[in-house]
Amino acid sequence: MLRVGPLFMAKRDYYEVLSVERTATIDVIKKSYKALALKHHPDRNPGDAAAEEAFKEASEAFQVLNDPNKRAAYDRYGHAGLDAQGYHGVGDVGDIFSQFRDIFGQDFFGDVFGGGRRPRRDQPQRGGDLRVAVSITLAEALEGVKKDIEIEHPSPCETCDGSGAAAGTTRQNCSMCGGRGQVAQSRGMFVMSSPCPQCRGEGSVVTKPCESCAGRGEVNVRRTVNVPLPAGIDDGQTLRVPGKGQPGTRGGPTGHLYVTVQLEPHDRYQREGEHLIYEMHVSFPDAALGTEVTIPTLDGKTTKVKVPAGLQPGDHVVLAGSGFPRLQGRGRGDLVVIVHVDIPKKLSSKAKKLLAELREMIAKGE
Ligand SMILES: [Zn+2]
Ligand SMILES: [Zn+2]
């Protein structure tokens with residue numbers, strides 16, 4: 001029986017389809033196919049049946065010429081040689097994406113079209129990085145501290161190694177996007193690719209879900225990581241703890257944990273860079289005559305601050321080397337004591353008299 005019509009159209013010569021010589025190398029063939037795939041890609045030509053056909057035709061030609069066995073059979077016997085091998089072409093567009101990802105590596109179509117496709121679940125994947133904030137006191141920042149940080153995060157399910165598929169089953173190509181993970185949508189003049197809603201951009205779905213994780217491929221874990229925070233660490237600084245992030249799947253490496261430090265405010269002390277700031281008050285006779293004041297330190301002890309005679313309001317007394325250690329470089333910052341001089345608001349009549357005398361003496365330069 002003779003079949004006619006478009007279903008049985010004579011196939012074009014594969015070399016002709018890819019516009020390459022019969023002696024072309026694989027690299028030349030690949031390059032040519034990439035250019036054609038880009039030109040006729042369905043995402044770029046939505047609803048254009050001719051473009052889709054051209055895309056499929058080029059893909060089939062590439063699939064055959066890229067395979068040494070198929071190419072040899074084709075070179076010798078033409079299309080009949082492939083029929084004899086049981087080769088029936090590339091199937092639909094979705095099949096092309098999933099098959100050709102294996103040929104080019106998973107990023108081929110992502111590279112070419114910039115689609116934010118999620119990585120495949122059947123290949124090793126690095127675990128995600130985790131970020132946490134931890135708050136510490138000024139005293140802890142001054143001395144350094146080891147903090148137990150409790151983190152909770154999704155982790156690949158160990159039962160199914162992150163695939164989400166029940167034992168003995170595998171993930172199947174998504175029917176909505178044909179395994180591409182992306183669907184094309186027209187917005188006015190533009191065609192946008194967006195993640196497929198059915199497979200959430202993964203290109204594959206679970207037919208029988210893993211019981212441990214209900215098909216999610218991940219479970220929530222809670223664990224405690226002991227993180228040493230070095231003396232001198234400051235507010236807003238982030239520490240990287242290698243290998244303490246989410247575990248990878250299929251032998252992929254573990255991610256990192258990033259710990260950002262927040263300094264709790266202190267009643268009496270403040271921090272300015274490597275310096276520790278303390279504010280205190282002295283009476284004006286003390287400022288004039290000089291004195292020694294005992295102040296509390298961050299570690300709960302006390303230290304003595306010598307106020308020199310003739311100190312002016314707002315002057316600083318510096319205790320060198322009593323501040324924070326410098327993270328880069330040597331030494332420490334200072335403890336800077338800002339001294340406020342209090343002027344009495346209420347005076348007894350006796351004190352008033354003495355002050356008035358003092359005023360006269362100072363005016364006379366005595
Ligand atoms: Zn599971
Ligand atoms: Zn899908």
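Above this note sits the structure.
Reading guide: rules and limits
- Residues numbered from 1 in each chain as written.
- Chains lettered and ligands numbered in written order.
- Predicted model: local features only at pLDDT ≥ 70, side-chain atom pairs only at ≥ 80, totals over all residues.
- Heavy atoms only, no water.
- Helix = DSSP H or I, 4+ residues; strand = E, 2+ residues; numbered from the N terminus.
- Buried < 20%, exposed > 50% of the residue type's maximum accessible area, 1.4 Å probe, protein only.
- Contact = heavy atoms within 4.5 Å.
- Areas by Shrake-Rupley, 256 points an atom, 1.4 Å probe, with all protein chains shown as cover.
- Phe/Tyr/Trp six-rings, centres within 6.5 Å; stacked < 30°, edge-to-face > 60°.
- Donors = N, O, S within 2.8 Å, 3.2 Å for Na, K, Ca; no water.
- Tetrahedral: all angles 85-135°; square planar, octahedral: opposite > 155°, others 65-115°.
- Arc of directions from axis to C-beta.

Trainee: Can you walk me through the overall build of the protein chain in this structure?
Mentor: Within the protein chain, the regular secondary structure consists of 10 helices and 15 strands. In the protein chain, which comprises 366 residues, the proportion classed as buried is 38%. The long-range share in the protein chain, meaning contacts at least 24 apart out of those at least 6 apart in sequence, stands at 63%. Element-wise, carbon and sulfur atoms account for 51% of the exposed surface of the protein chain, whose accessible area totals about 21,900 Å².

Trainee: Honestly, the packing of aromatic side chains in this entry has me stumped. Any pointers?
Mentor: When we look at a pair of aromatic rings, we describe it by the centre distance and by the angle of the planes. Following the criterion strictly, the structure yields four aromatic pairs and no others. Ring plane angle 40° and centroid distance 4.6 Å describe the contact between Tyr14 and Tyr74, whose orientation is recorded as tilted. Taken as a pair, Tyr14 in helix H1 (residues 14-18) and Tyr74 in helix H4 (residues 68-77) lie far apart in primary sequence, 60 residues in all. On the basis of relative accessibility, which here comes to 3%, the residue Tyr14 falls in the buried class. The interplanar angle of 10° and the centroid separation of 4.6 Å between the aromatic rings of Tyr33 and Phe62 together place this pair among those described as stacked. Of the two residues, Tyr33 sits in helix H2 (residues 26-40) while Phe62 sits in helix H3 (residues 49-65), which places them 29 residues apart along the sequence. With respect to class, Tyr33 is no different from Phe62; both count as buried. Feature note: the residues Tyr14, Tyr15 and Tyr74 constitute an aromatic cluster, connected by ring pairs.

Trainee: Sorry, what's going on with the coordination of the zinc ion (ligand 2) here?
Mentor: For a metal with four donors in a tetrahedral arrangement, the ideal angle between donors is 109.5 degrees, while six donors in an octahedron ideally sit at 90 or 180 degrees. The protein atoms that coordinate the zinc ion (ligand 2) are Cys174 (SG), Cys177 (SG), Cys196 (SG) and Cys199 (SG), at distances spanning 2.2 to 2.3 Å. The coordination sphere of the zinc ion (ligand 2) comprises four donor atoms, whose angles at the metal cover 104 to 115°; the geometry is tetrahedral. Taken in sequence order, the residues that donate to the zinc ion (ligand 2) follow the motif C-x2-C-x18-C-x2-C. Of this pair, Cys174 sits in the loop between strand E3 (172-173) and strand E4 (182-187) while Cys196 is found in the loop between strand E5 (190-195) and strand E6 (204-205), placing the two residues 22 residues apart along the sequence. Cys196 carries the same exposure label as Cys174, and that label is buried.

Trainee: What exactly am I supposed to notice about the coordination of the zinc ion (ligand 1) here?
Mentor: Each protein donor to the zinc ion (ligand 1) is listed here as Cys157 (SG), Cys160 (SG), Cys210 (SG) and Cys213 (SG); together their distances run 2.3 Å. Around the zinc ion (ligand 1) sit four donor atoms, and with donor-metal-donor angles ranging over 105 to 113° the site reads as tetrahedral.

Trainee: How should H4 be read in this particular structure?
Mentor: An α-helix turns once every 3.6 residues. As a result, residues three or four positions apart point the same way. Those residues of H4 that sit buried are Lys70, Arg71, Ala73 and Tyr74. When H4 is viewed along its axis, its buried side chains cluster within an angular range of 165° and face the same direction. H4 presents Pro68, Asn69 and Arg76 as exposed residues on the side facing more than 90 degrees away from its buried surface. Where the residues of H4 are buried, they touch H1, H2, H3 and helix H5 (79-85). Immediately downstream of H4, the backbone of Gly78 shows phi near 70°, a positive value.

Trainee: Just to check I follow, could you spell out unusual backbone geometry for this structure?
Mentor: Negative phi characterises most residues that are not glycine, and trans characterises most peptide bonds. Notably, Ser19 is not glycine yet its phi reads approximately 55°, a positive angle. Within the secondary structure, Ser19 is located in the loop between H1 and H2. One non-glycine residue, Ala214, lies in positive phi territory at about 55°. Inspection of the secondary structure puts Ala214 in the loop between E6 and strand E7 (218-229). Residue Ala214 is classed as exposed on the basis of its relative accessible area of 61%.

By themselves, these observations are geometric and do not establish any function.
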